[in-house]
Amino acid sequence: MIASLAAVDLGATSGRVMLGHVSHNHLSVRPVARFPNIPVRTIDGLHWNILELYRSVVAGLGAAVREDPAIASVAVDSWAVDYALMRGGRMLGTPYHYRDERNLPAVEATHALVGPQELYAANGLQFLSFNTLYQLAADRSAGVLDLADGFLLIPDLFNYWLTGQQFAEQTNASTTGLLSISTGDWDHALIERLGLPRGVLPSLVTPGTPLGGLLPSVDVASSMTVTTVGSHDTASAVVAVPATNPDFAYISCGTWGLVGVELEHPVLTDAARAANFTNEGGVDGQVRFLHNVMGLWILSESVRDWQRTDPTLELPGLLAAAAALATPVSVFDADDPTFLVPGEMPARIAEWCRDHGVSAPRSPVEFVRSIIESLAVAFVNAVRSASELSGKTVSVIHIVGGGSQNELLCQLIADRAGMPVLAGPVEATAVGNVLVQARTHGLVDGSLESLRSLVATAFSPRRHLPKG
Ligand code: LFR
């Protein structure tokens, strides 16, 4: 029997509602609704337009049900770390965007309480100035945290609005910095030392937990139930890596490039901390040992900047011209935190080049080529580090997500790494979301290995072999 499942996948620049059809030997997903995710800057900083996102999700679910009234289940995944503070079941204020600058002073205040080495030993997370624990410290010093009696990460907030149930899904909770890397539970001792209230954190649930049906307030006529999956989008994307060989590294390339390997146990060495590798929670208790590289954000922010003066510039044309460019361009460090915040991206790339004594790109086409070359270098470096730091052999690289469509990027990675790059699926996050739901409802077999072989058959990846 082929069952119908919906996936809500919220990315930092766009969201989508996907319709999946699954049986033990069939897997397909198609988009039903796509909508932009445009943050809003107000006097107090950069926020997510969360109600607009929710409205789009509900409209998308309504459209999905009209296309396929038999949808049995739905699950939500999104970017990580961000959250809503709650009181009495109401949202307190509008959630902040992780690129908001309020986190920076909070980092120092947090490290004064618990130093970075101790934090890494406790939570296994790479340092990112926007990790939830720093954001909560900012909320505490603004006096807002004292008002809260609840805390919901973005997918957990949507699950609450859809079902009335308040939980924290484990894979995404692992990005807060407040879970113990050894027990997988909230680290109450750490939470106390950081001066954060422990009473606000909801109970943890694992991916694959049914939460119940849609509330009448959702206004979608369907008996579908809501299920948890790897609600951190990267956790769902890693489920859908179509690996048939265990020696694989992955690059989940969208706004971010998440580059790493899947492990049974965390790596908490000084070398892993110095290389800024994270041990995030994966589906089935796996560890996502990976590093965040800036990703396509550098490209989309550059295009946004150019379009202010030339609205006719479009990414597809720039990518084609960049791929055809014969002259060499400089490579910059796509890992440099200077590229984290929004605005004036080409100027910041040019400044980086000047500061490092290399020639800056001179036209949008040269910039695009330089960005792609730089991403390829950073991705390959991260694959090598993941393998060296963990001791895991890597003989093939899988790239999934939007970046997998960029043939130049894939080929450059293969050439630099000297190993095959297998590209796709583009919608890995939604595929991983649908598969974990399907497994929860007994439609497909258990192991991650068997889920991945289903993906490999349904979405045969494009092969890029190293040249020369
Ligand atoms: C990718 C992602 C990354 C996380 C970043 C911020 O969409 O979820 O894994 O580090 O967004 O939340």
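None of these values were measured; they are calculated from a predicted model.

(A) Representation of the overall build of the protein chain in the model. A tally of helices and strands in the protein chain yields 16 helices and 20 strands. Against the globule reference of 23 Å for 468 residues, the protein chain gives a C-alpha radius of gyration of 21 Å, in line with a compact fold. By its C-alpha atoms, the protein chain is 60 × 55 × 50 Å across when sized along the principal axes. A burial count over the protein chain gives 51% of its 468 residues as buried.

(B) Molecular detail of the domain arrangement of the protein chain. For the protein chain, the domain assignment lists domain 1 (3–227) and domain 2 (243–424). With centres defined by C-alpha atoms, the gap from domain 1 to domain 2 works out at 25 Å. Each partner contributes residues to the interface: domain 1 has 20 residues there, and domain 2 has 19 residues. In terms of residues, the side of domain 1 that touches domain 2 owes the most to one element, helix H3 (residues 116–123), which gives three residues. Partitioning the side of domain 1 that touches domain 2 into residue classes produces eight nonpolar, 10 polar and two charged.

(C) Structural detail: the sheet that holds strand S18 (residues 396–400). Ordered in space as S16-S17-S15-S14-S18-S19-S20, the seven strands form an open sheet in which the pairing is mixed. Across the chains shown, the open sheet's two edge strands, defined by having one partner strand only, are strand S16 (278–281) and strand S20 (462–464). The average angle at which neighbouring strand axes cross in this sheet is 30°, direction not considered. The pairing of strand S15 (residues 257–263) with strand S17 (residues 287–293) spans seven bridges and is classified as antiparallel. In the strand pairing of S17, Gly257 is matched with Val293.

(D) Summary view of the nonpolar core. Counting 147 residues, the largest nonpolar core has Ala6, Phe379, Ala386 and Ile413 as its most contacted members. At 13 residues, the largest contribution of residues to this core is made by helix H13 (residues 364–390). Excluding residues that lie within four positions of it along the chain, Ile413 makes contacts with Ala376, Phe379, Val380, Ile397, Ile399 and Val421.

(E) Region of the structure containing the sheet that holds strand S8 (residues 90–92). Strand order in the open sheet formed by three strands is S8-S7-S9, and the pairing between neighbours is antiparallel. Strands at the two margins of the open sheet, each flanked by one partner only, are S8 and strand S9 (150–153). The average undirected angle you get between the axes of adjacent strands in this sheet is 45°. Relative to S9, strand S7 (residues 83–87) runs antiparallel, the two sharing four bridges. Bridge pairing links Ala84 to Leu152 in S9. Its contacts with the sheet put helix H5 (residues 154–163) on S7 and S9, and the angle it makes with S9 is roughly 105°.

(F) Summary view of the UniProt feature "domain: Carbohydrate kinase FGGY N-terminal" (unreviewed entry) in the protein chain. Feature annotation in UniProt places "domain: Carbohydrate kinase FGGY N-terminal" (unreviewed entry) on residues 7–239, given in this structure's numbering. In residues 7–239, helix accounts for 32% and strand for 26%; the two terminal C-alpha atoms are 14 Å from one another.

(G) Just the packing of H13 against helix H14 (residues 407–417), in detail. At a minimum axis distance of 9 Å, the contact between H13 and H14 shows a crossing angle of 45°. In terms of axis orientation, H13 runs oblique to H14. H13 and H14 meet at a crossing whose hand is right-handed. Taken together, the residues of H14 that come into contact with H13 (itself represented by Ile372, Glu373, Leu375, Ala376, Val377, Phe379, Val380 and Val383) are Leu408, Leu409, Leu412, Ile413, Arg416 and Ala417. Residues that form the contact of H13 with H14 fall into these classes: 12 nonpolar, no polar and two charged.

(H) Structural view of the site of the ligand. Neighbouring the ligand are 14 residues; Trp79, Ala80, Val81, Thr234 and Trp256 lie closest to it. Structurally, the shell around the ligand is a two-domain feature, drawing no fewer than three residues from each of domain 1 (3–227) and domain 2 (243–424).

(I) Geometry of unusual backbone geometry. Cis geometry is found at the peptide bond from Gly424 to Pro425, where omega equals 5°. Within the element layout of this structure, Pro425 appears in the loop between strand S19 (421–423) and helix H15 (428–440). A positive phi is found at Asn276, a non-glycine position, where the angle reads about 55°. With respect to the helices and strands, Asn276 occurs in the loop between helix H9 (270–274) and S16. In this structure, Glu344 takes a positive phi of about 50° despite not being glycine.

(J) Molecular detail of the UniProt feature "domain: Carbohydrate kinase FGGY C-terminal" (unreviewed entry) in the protein chain. Sequence positions flagged by UniProt for "domain: Carbohydrate kinase FGGY C-terminal" (unreviewed entry) are, in local numbering, residues 249–439. Between the end C-alpha atoms of residues 249–439 there is a gap of 24 Å, over a span that is 47% helix and 16% strand.

(K) Expanded view of the environment of Arg34. As for its position among the elements, Arg34 is in strand S3 (residues 26–36). Assessed through the 13 C-beta atoms surrounding it within 10 Å, Arg34 is described here as partly exposed. Beyond its immediate chain neighbours, meaning those up to four positions away, Arg34 contacts Ser14 and Arg16.

(L) Up close: the pairing of S7. S7 sits mainly inside the fold: four of its five residues count as buried. The hairpin formed by S7 and S8 contains two residues between the paired strands, and Gly88 there has a positive phi angle of roughly 55°.

(M) Up close: the packing of helix H11 (residues 315–324) against H13. The contact between H11 and H13 brings their axes to 8 Å, and the two run at 75°. Relative to H13, H11 is oriented roughly perpendicular. Contacts between H11 and H13 involve Leu318, Leu319, Ala321 and Ala322 from the former and Pro364, Val365, Val368, Arg369 and Ile372 from the latter. When the residues that make up the contact of H11 with H13 are grouped by side-chain class, the tally is eight nonpolar, no polar and one charged.

Rules behind the numbers
Residues numbered from 1 in each chain as written. Predicted model: local features only at pLDDT ≥ 70, side-chain atom pairs only at ≥ 80, totals over all residues. Helix = DSSP H or I, 4+ residues; strand = E, 2+ residues; numbered from the N terminus. Rg over C-alpha atoms; globule rule 2.2 N^0.38 Å. Buried ≥ 20, exposed ≤ 12 C-beta atoms within 10 Å, placed from the backbone. Domains from an automatic or database assignment. Contact = placed C-beta atoms within 7 Å. Nonpolar A, V, L, I, M, F, W, Y, C, P; charged D, E, K, R; others polar. Pairing = 2+ DSSP bridges. Axes fitted to C-alpha atoms, helices over the stretch in contact; angles between N-to-C directions. Core = buried A, V, L, I, M, F, W, Y, C linked by C-beta atoms within 7 Å. UniProt positions renumbered as here; feature names shortened; annotations may be inferred. Parallel < 35°, antiparallel > 145°, perpendicular 65-115°, else oblique. Left-handed = near helix turned anticlockwise from the far one by under 90°. Near = placed C-beta within 6 Å.

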